[in-house]
Amino acid sequence: MEFGKLTAILPTLNEEENISQLLDFLIANYPGINITIVDDSSADATVRIAKSKNYANLKILERTGTRGLTTSIIDGINAAGTEFFIVMDSDFQHPPEKIPEILRALDAGADLVVMRRTEVRDWPAHRKIISLGAEFLANLRLSISGSPKVSDVMSGYFGARRDWALRSISSNPKRFEPQGYKFLFDLLKGVKKSSIKVGEIAYVFNGRMRGKSKIGLPHIFRFFRSLFS
Ligand SMILES: Nc1nc2c(ncn2[C@@H]2O[C@H](COP(=O)(O)OP(=O)(O)OP(=O)(O)O)[C@@H](O)[C@H]2O)c(=O)[nH]1
Ligand SMILES: [Mg+2]
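Residues numbered from 1 in each chain as written. Chains lettered and ligands numbered in written order. Predicted model: local features only at pLDDT ≥ 70, side-chain atom pairs only at ≥ 80, totals over all residues.

### A word on the pairing of strand β2 (residues 34-40)
So, step 1. Burial analysis of β2 places seven of its seven residues in the buried class, which makes it a mostly covered element.
So, step 2. Alternating residues of β2 divide into N34, T36, V38 and D40 and I35, I37 and D39, and every residue in both groups is buried.
So, step 3. Relative to β2, strand β1 (residues 6-12) is paired through six bridges, and the arrangement is parallel. Looking at β2, one finds that A8 is bridged to I35.
So, step 4. Bridge analysis of β2 against strand β3 (residues 58-63) gives six bridges, and the strand direction is parallel. For V38, the partnering residue across the bridge sits in β3 and is L61.
So, step 5. Considered for its hand, the β-α-β crossover made up of β2, helix α2 (residues 46-52) and β3 is right-handed. (Buried ≥ 20, exposed ≤ 12 C-beta atoms within 10 Å, placed from the backbone. Helix = DSSP H or I, 4+ residues; strand = E, 2+ residues; numbered from the N terminus. Pairing = 2+ DSSP bridges. Right-handed = clockwise from strand over helix to strand, strands pointing away.)

Below you can see the structure in the form of structure tokens.
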């Protein structure tokens, strides 16, 4: 496969315990893959570790000032120079083994490939309940706006054709909750069902391998606000 057509966008915030292993996996298994790390001033060794890999196709965007997962993803898409990109967490919750399947679907003509969680392991009950409620509201919002229906709208793991994504972002900049966690939902709010070819691939979502979660109450508040934009 031609991994050179693909950029893996990895947003990072204090992922020193995971980043080395993830980069090693990507570089060893997907020859020529491009990697863009978007780091929001991690206080730990994340950036130093990434730089130490000396991998020619690795870009590191070191952001200072503005922060947030959604704007990190947008900056990563802008910086990626390839035909396709994928966005994945840097903590191994999104299995990198699935990347060839995503690339195959993009190569076959999908504008967007959503990775659908079939099972969520290791989440406490309250997080599962919040997630189900949020998903219900998000789907309701998307059906009202005639947006494409996907079976895991809250997924943080997806791939897309870059020109399609850039167009969709720039036609609806106000729909994005800059410090939110739900880029995919925000993107879909501005897309019409008839205008897009969506693919879906199932996977098992594991608990974070190492390091700490960054999600908290402010992210939940931002999600509720984003239902109305
Ligand atoms: N650049 C950037 N990356 C972030 C930010 N917040 C989180 N991340 C990264 O985005 C990914 C998702 O964040 P997580 O804290 O794992 O969120 P989550 O997967 O919903 O939560 P857990 O299930 O508890 O891991 C990880 O790779 C984080 O390092 C941010 O504000 N800026
Ligand atoms: Mg995570």
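There's plenty left to go through after this.
### As for the site of ligand 1
So, step 1. Neighbouring ligand 1 are 20 residues, the closest being P11, S72, S90, S213 and K214.
So, step 2. Contributions of two or more residues to the shell around ligand 1 are made by β1, β2 and α3 (69-79).
So, step 3. Of the residues assigned to the shell around ligand 1, the class counts are six nonpolar, six polar and eight charged. (Near = placed C-beta within 6 Å. Nonpolar A, V, L, I, M, F, W, Y, C, P; charged D, E, K, R; others polar.)

### Digging into the sheet that holds β1
Across a sheet, strands are paired by hydrogen bonds formed along the backbone, either parallel or antiparallel in direction.
So, step 1. Taken together, seven strands build an open sheet; the order of strands is β3-β2-β1-β4-β6-β5-β7 and the sheet is mixed. Strands at the two margins of the open sheet, each flanked by one partner only, are β3 and β7 (198-205). Ignoring strand direction, the axes of neighbouring strands in this sheet form an average angle of 20°.
So, step 2. Pairing analysis gives four bridges linking strand β4 (residues 84-87) to strand β6 (residues 158-161), with the strands arranged antiparallel. Residue F85 lies in a different strand from β6, and its bridge partner there is A160. (Axes fitted to C-alpha atoms, helices over the stretch in contact; angles between N-to-C directions.)

### A look at the nonpolar core
So, step 1. Counting residues in each nonpolar core, the largest one holds 48 residues, and the members touching the most others are A8, I9, F85, I86 and F158.
So, step 2. Other than its neighbours up to four places away in sequence, F158 contacts I86, V87, L112, V113, V114, M115 and L184. (Core = buried A, V, L, I, M, F, W, Y, C linked by C-beta atoms within 7 Å. Contact = placed C-beta atoms within 7 Å.)

### Some words on the pairing of β1
So, step 1. Of all the seven residues making up β1, seven are buried; the element is thus mostly covered by neighbouring parts of the structure.
So, step 2. Side chains of β1 alternate between two faces, with L6, A8, L10 and T12 and T7, I9 and P11 buried alike.
So, step 3. The sheet contact formed by β1 and β4 spans four bridges and is parallel. Looking at β4, one finds that A8 is bridged to I86.
So, step 4. At this point the chain moves from β1, through helix α1 (residues 19-29), to the parallel β2, and the crossover so formed is right-handed.

### Some thoughts on unusual backbone geometry
So, step 1. Of note, the phi angle at N14 is positive, near 55°, even though the residue is not glycine.
So, step 2. Positionally, N14 belongs in the loop between β1 and α1.
So, step 3. We classify N14 as partly exposed; it has 19 C-beta atoms within 10 Å.
So, step 4. Of note in the backbone geometry, S41 takes a positive phi value of approximately 50° without being a glycine.
So, step 5. The residue S41 is located in the loop between β2 and α2 in this model.

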